[in-house]
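Descriptive analysis of the structure
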Amino acid sequence: VLAAPLSVYAETGDNGPDYGPWRVIDVAKDGVLGNIEAYKVDRDLVAWTMKDDLTGRRYLHVFDGIQTRMLAAMDIADWESANPFFDSIEGNFDVADGTVVWSHYDGNDLEIFAFYNDRVTQITHNDYDDVHPVASAERIAWTSYPGGAYHLMVSDKHGTRSLATYHVQNYAFSGENLYWLNKLPNEDWFRVFVNDGLDTEAIGKGDDRPFSDYFVSDGEGSVAWEYSTKKWDYDKREIFVSQDGKQAVRMLQRDVPPNVTRLEDLRDGMVLVNSHDMLVQKFEDVQLLLVAGRYSVHNVVSAVSMTKSLFTDDAHVRHVVSENASPLMVRH
């Protein structure tokens, strides 16, 4: 998908304008059933929401490479949420492995719906809200609120069931593995848990900072995350990696202050991390670090500011400067 102002484009074999090696068509524009709010893409599916302030309606669309369909139409207020761990729009729909999932008001409460195999299926049928769905590898997870308590639910080939309750938050898939944070009733700290479809294990420590995307996933079963001790006079930030759901390994630790860190991406057990040492007074005092292990830390490049960076198969891609409009660079 190419991001363009006020439009969503998709790669296609049909006739359309050329963007280098890409052939693209215009899938959606502002002004047709409202304005584009957010989009997500996985393989040959692009899903996006449009908000029409004139009618007070919000629409969810999907493009499958051949045609565009409207999956849902709802009141704008149906997706508004004050939950700090999930964006009120992007946290209520997801796209993965040929499936679009979303929450939708059924006249009584919010339920989970899914589009796959060329049809829409209602996943939940109950009298309480089901929200914030995510999908991967033919598995769907969401949060339910029966009796006012959080429940992390999952639906897959093994059935529909509750995996956890109490302070469940910040959950995400990586391949078939579902990761989440939870604080058990008899504990006063958060831990990271993982479920592979059959078994659930606690694999490392986590914290309750309100990040909408706590876990960085490689999409193949592994995740990375940043843990904070939250001791503001002498905080430590630790980067952990769980490979394919195994016990987490601490890859990097920095004291905050004087350091500021940001986890960027994960691949093959390695992470990219931006690290700014505020005690260093020079023009390029932000380091992009490639961390392959606790004792294997390489400075990829020094820059004037933190820049987004992602792994490719044999390299990584980053912006020249922190602004998204700056040119992209590939480094092998």
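The structure we're discussing is the one just above.
What you see is a predicted model; the values in this text were computed from it and never measured.

A few words now on the pattern of salt bridges. Per the stated rule, a full pass over the model turns up 19 salt bridges. Asp53 serves as the salt-bridge partner of Lys51, at 3.8 Å between the closest nitrogen and oxygen. Measuring nitrogen to oxygen at the nearest pair gives 3.8 Å for the salt bridge that ties Arg237 to Glu226. Placement of the pair is Arg237 in strand 23 (residues 235-242) and Glu226 in strand 22 (residues 223-228), with a sequence separation of eleven residues.

Turning our eyes to something else, we now look at the packing of aromatic side chains. In total, this model carries nine aromatic pairs according to the counting rule given. Between the aromatic rings of Trp79 and Phe93, the centroid separation amounts to 6.0 Å while the plane-to-plane angle is 5 degrees, which identifies the pairing as stacked. With Trp79 in the loop between strand 8 (68-75) and strand 9 (93-96) and Phe93 in strand 9, the pair connects residues that are 14 residues apart, well separated along the chain. For the pair formed by Trp79 and Phe93, the shared burial category is buried. Plain terms: the ring middles of Tyr214 and Phe215 are 5.3 Å apart, the flat faces sit at 80 degrees to each other, and that makes the pair edge-to-face. As far as burial versus exposure is concerned, Tyr214 and Phe215 are alike and both buried.

Turning our attention to the layout of surface pockets. Its boundaries defined by the atoms lining it, the second largest pocket holds a volume of some 320 Å³. Within the residue set of the lining of the second largest pocket, elements represented by two or more residues are strand 11 (110-116), strand 13 (130-136), strand 14 (139-144) and strand 15 (151-156).

Here we take up empty space enclosed by the protein. In this structure the tally under the stated criterion is one cavity of 30 Å³ or more. Reported here for the largest cavity is a volume of approximately 30 Å³. Listing elements by their share of the lining of the largest cavity, those giving two or more residues are strand 27 (286-293) and strand 28 (296-303). The element that contributes the greatest number of residues to the lining of the largest cavity is strand 27, accounting for three residues. Grouping the amino acids of the lining of the largest cavity by side-chain chemistry returns four nonpolar, four polar and one charged.

Relative to the assigned elements, Asn170 resides in strand 17 (residues 169-174). With residues up to four places along the chain from it excluded, the contact list for Asn170 reads Phe85, Phe86, Tyr179, Trp180, Leu181, Phe211, Ser212, Tyr214 and Phe215.

Further remarks concern the sheet that holds strand 5 (residues 35-42). Strands belonging to one sheet form pairs held by backbone hydrogen bonds; the direction of such a pair is parallel or antiparallel. Strands sit in the order 5-6-7-8 across an open sheet of four strands; the sheet is antiparallel. The open sheet has two edge strands with one neighbour each: strand 5 and strand 8. Looking at each pair of strands side by side, their axes are set apart by 20 degrees on average, direction ignored.

What follows covers the nonpolar core. Buried together is how nonpolar side chains tend to be arranged in soluble globular proteins. Among the nonpolar cores identified, the biggest contains 16 residues, and Leu60, Leu71, Phe93, Val100 and Trp102 are the most heavily contacted of them. If you list the elements that add at least two residues to this core, you get strand 6 (45-52), strand 7 (57-63), strand 8, strand 9, strand 10 (99-105) and strand 11. The element that contributes the greatest number of residues to this core is strand 8, accounting for three residues. Beyond its immediate stretch of four places on either side in the chain, Leu71 contacts Leu60, His61, Val62, Val100, Trp102, Phe115 and Val120. Core analysis: the next-biggest nonpolar cluster, separate from the first, contains 14 residues, Val154, Leu163, Phe173 and Phe193 among them.

Basis of the calculations
Residues numbered from 1 in each chain as written. Predicted model: local features only at pLDDT ≥ 70, side-chain atom pairs only at ≥ 80, totals over all residues. Heavy atoms only, no water. Salt bridge = Lys/Arg side-chain N within 4 Å of Asp/Glu carboxyl O. Helix = DSSP H or I, 4+ residues; strand = E, 2+ residues; numbered from the N terminus. Phe/Tyr/Trp six-rings, centres within 6.5 Å; stacked < 30°, edge-to-face > 60°. Buried < 20%, exposed > 50% of the residue type's maximum accessible area, 1.4 Å probe, protein only. 1 Å grid on protein atoms, 1.4 Å probe; cavity = no way out; pocket = protein on both sides within 12 Å on 5 of 7 lines; lining within 4 Å. Points joined across faces, edges and corners; volume = space filled by probe spheres on them. Nonpolar A, V, L, I, M, F, W, Y, C, P; charged D, E, K, R; others polar. Contact = heavy atoms within 4.5 Å. Pairing = 2+ DSSP bridges. Axes fitted to C-alpha atoms, helices over the stretch in contact; angles between N-to-C directions. Core = buried A, V, L, I, M, F, W, Y, C linked by side-chain atoms within 4.5 Å.

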